[in-house]
Number of protein chains: 2
Amino acid sequence: MEHRVNILDCTIRDGGLVNNWDFSVEFVQDLYNSLSAAGVEYMEIGYKNSPKLLNATEPNPWRFLDDKFLKEIIPVKKSTKLSALVDIGRVDPDDILPREESVLDMIRVACYIREVDKGLELVQMFHDLGYETTLNIMALSHVPEHQLIEAFELVRKSPVDVVYIVDSFGSLDPAEIEHQVKKFHAMVPDKKLGIHTHNNLQLAFANTLTAARSGVSFLDSSVYGMGRAAGNCNTELLVSYIQNPKYEVKPILGVIEKHMLEMRENWEWGYIIPYMISGILNEHPRVAMAYRKTDERDKFVEFYDQVTSPEVTIQKN
Amino acid sequence: MEHRVNILDCTIRDGGLVNNWDFSVEFVQDLYNSLSAAGVEYMEIGYKNSPKLLNATEPNPWRFLDDKFLKEIIPVKKSTKLSALVDIGRVDPDDILPREESVLDMIRVACYIREVDKGLELVQMFHDLGYETTLNIMALSHVPEHQLIEAFELVRKSPVDVVYIVDSFGSLDPAEIEHQVKKFHAMVPDKKLGIHTHNNLQLAFANTLTAARSGVSFLDSSVYGMGRAAGNCNTELLVSYIQNPKYEVKPILGVIEKHMLEMRENWEWGYIIPYMISGILNEHPRVAMAYRKTDERDKFVEFYDQVTSPEVTIQKN
């Protein structure tokens, strides 16, 4: 890699989709310290969505990040910057402090292609408050070319720092990633690019490497791959593999040993056949995730028949 | 893919390195029938090494394949051909029937680079007996360029049908695979090429896809990835992903559901941190495999320190 690469660890944010953000403060602190020791540039510490807008009935500190709380648990920032993700229609602008009063350095906006205008409105606001910003266009594998072209016209006029290629369904392969990166580079040449992968087809690391070699400079990953459904590209693979003298895998191995093995026993993510099938079919894993909660969870042939049937089947849940 | 691709499932042979070939006849028969229904071209049903030469004290039908036994358990061959692997110095020429009297269609010879001459001698013998033959040069990531060039001079004069690129340590990435395939194509242009990968870095499928796209026509895989240490490229991914109307994933899903989940509970293979570390270090997984049998099995930091220490440490085993 001739360009500088940034690793953004999203264990807490994407992994929270696995366990409803049931992370202890100790774990989050250990993770932050370990990511810093490992040389990882960014840690996404959760969502900064609004509990009011989501009608939340219970507190959930990593889903509804609060600056006061963050300052308590991370009183002294290390080299690793902190980011938060927000969703369109779920974030309250009044919740966001100016960057100089916040522990957060970056706010990332996730949106579907039809909401890029709304996404960029939020980006502008966070940019004006002093944050680094990214626009994460989800479900790229479902986006028709002409919609992407229209969206890029808006993106070019925006101050957004990084535009993300998001393989939400874990259905892309390295050749497709390379093709997408070329397209993004050509259409928004002044923006940095990012990549966020899922591991449904065991291609998350390969896709991330391919993106990095094609010039993408923000690489999302999570420790031990913890993320929704099949999970993400593994942070321990990136810090081991990408050449940069500051990267150290040992602190990440320490987190896996101390925390992740037990978490993996209590919660499931990774290469699991129904997620492989949803990846092959280029579909959202939500049907597979629901299936994994039923007694039929390991009936792979039945699941395959269900999701490939031309007839609508009633979900047993 | 414009060229015709053959999938060679080595679940029994490489998977046997995980469980000492503790496979029931029912499982092997189910696997054979399922691979045939899935359109998989070859099934490697074990090793055809000699129990005498290996001083075996117990019978082990998949490690010491016997034609009479094979004919009993597979009385009617389906479309899937059968192959066996032999090691240099472990195979007794008197054990090998002419192909027309055997259930086997292909014999593959595994060798290290220093034994290529011996390997090709065996290849010549199996070829003369009527078998399809392959030469599998192991541990390619440790082979110095000049040795490979010398070996290729011998290979060019041999009747061997397929020359395999074998990533024994699971340490190669797609860019390196592409580079190797180009080199092999240039140096033995008249031979078909094969690829055998290991999944230490979660790159087995990506490497296999890259090889296929670069013109490699024999792709090794195993169901649910079952193979030594980190395992192999997954058969279910290949039949799902490679475009060929005859490939069907459903029969493979059936085998996973019926057999592999339980086998995975009893035996371990796949993405496991000490195997990831041996992959990163480009080393044989035997030290990691021994470590996984000790009480320290999950002490990843200690393992990492041990295998990266400049001092010789005494193995606790």
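Read on for a plain summary of the structure. (Residues numbered from 1 in each chain as written. Chains lettered and ligands numbered in written order. Predicted model: local features only at pLDDT ≥ 70, side-chain atom pairs only at ≥ 80, totals over all residues. Heavy atoms only, no water.)

Another aspect to go through is the sheet that holds strand 7 (residues 192-196) of chain B. Pairing between the strands of a sheet comes from backbone hydrogen bonds, and it takes one of two forms, parallel or antiparallel. Residues and elements named next belong to chain B. Judged by pairing direction, the barrel is parallel, and its 8 strands sit side by side in the order 1-2-3-4-5-6-7-8 before closing back on the first. Between one strand axis and the next, the sheet turns through 25 degrees on average, direction left out of account. Pairing analysis gives 6 bridges linking strand 4 (residues 106-111) to strand 5 (residues 132-137), with the strands arranged parallel. The partner of isoleucine 107 across the bridge, within strand 5, is threonine 133. Of the strands in this sheet, strand 6 (162-166) and strand 7 are in contact with helix 6 (residues 174-187), which crosses strand 6 at around 155 degrees. (Pairing = 2+ DSSP bridges. Helix = DSSP H or I, 4+ residues; strand = E, 2+ residues; numbered from the N terminus. Axes fitted to C-alpha atoms, helices over the stretch in contact; angles between N-to-C directions. Contact = heavy atoms within 4.5 Å.)

The figure often quoted for interface size is the accessible area lost as the parts come together. On the side of chain B, 37 residues touch chain A, which itself brings 37 residues to the contact. Interface of chain A and chain B: buried area, both sides summed, is about 3,200 Å²; carbon and sulfur atoms make up 67% of it. Per-residue buried area on chain A facing chain B is highest for A:Gln202, A:Lys250 and A:Leu253; these three make up 17% of the total on that side. Across the chain A-chain B interface, the total number found is 4 salt bridges. (Buried area = accessible area lost by both parts, 1.4 Å probe. Salt bridge = Lys/Arg side-chain N within 4 Å of Asp/Glu carboxyl O.)

We now examine unusual backbone geometry. In this structure, A:Asn20 takes a positive phi of about 50 degrees despite not being glycine. Tracing the backbone through its elements, the reader meets A:Asn20 in the loop between helix 1 (11-19) and helix 2 (25-38). In this structure, B:Ala229 takes a positive phi of about 60 degrees despite not being glycine. Mapped onto the elements, B:Ala229 comes out in the loop between strand 8 (218-221) and helix 8 (235-241). Take B:Ala229: its relative accessible area is 3%, and that puts it in the buried class. (Buried < 20%, exposed > 50% of the residue type's maximum accessible area, 1.4 Å probe, protein only.)

With the rule as written, the count across this model stands at 16 aromatic pairs over all chains. Consider the rings of A:Tyr42 and A:Phe218, whose centres lie 5.4 Å apart with planes at 50 degrees: the pair is tilted. Here A:Tyr42, found in strand 2 (residues 42-47), pairs with A:Phe218, found in strand 8 (residues 218-221); they are 176 residues apart in sequence, far enough to count as distant. The exposure classification of A:Tyr42 matches that of A:Phe218, with both residues buried. Pairing A:Tyr271 with B:Tyr224 gives two aromatic rings, centres 6.5 Å apart and planes at 40 degrees, and the pair type is tilted. Residue A:Tyr271 is found in the loop between helix 9 (250-266) and helix 10 (273-280), and its partner B:Tyr224 is found in the loop between strand 8 and helix 8; the two belong to separate chains. When sorted by exposure, A:Tyr271 lands in the same class as B:Tyr224, which is buried. Positioned above the aromatic ring of B:Tyr164, the side-chain terminus of B:Arg108 is 4.7 Å from the ring centre. Over the ring of B:Trp269 we find B:Arg264; its NZ or CZ atom is 5.5 Å from the centre of that ring. (Phe/Tyr/Trp six-rings, centres within 6.5 Å; stacked < 30°, edge-to-face > 60°. Lys NZ or Arg CZ within 6 Å of the ring centre and 35° of its normal.)

Honestly, that's just the spatial picture; any functional story needs more than this.
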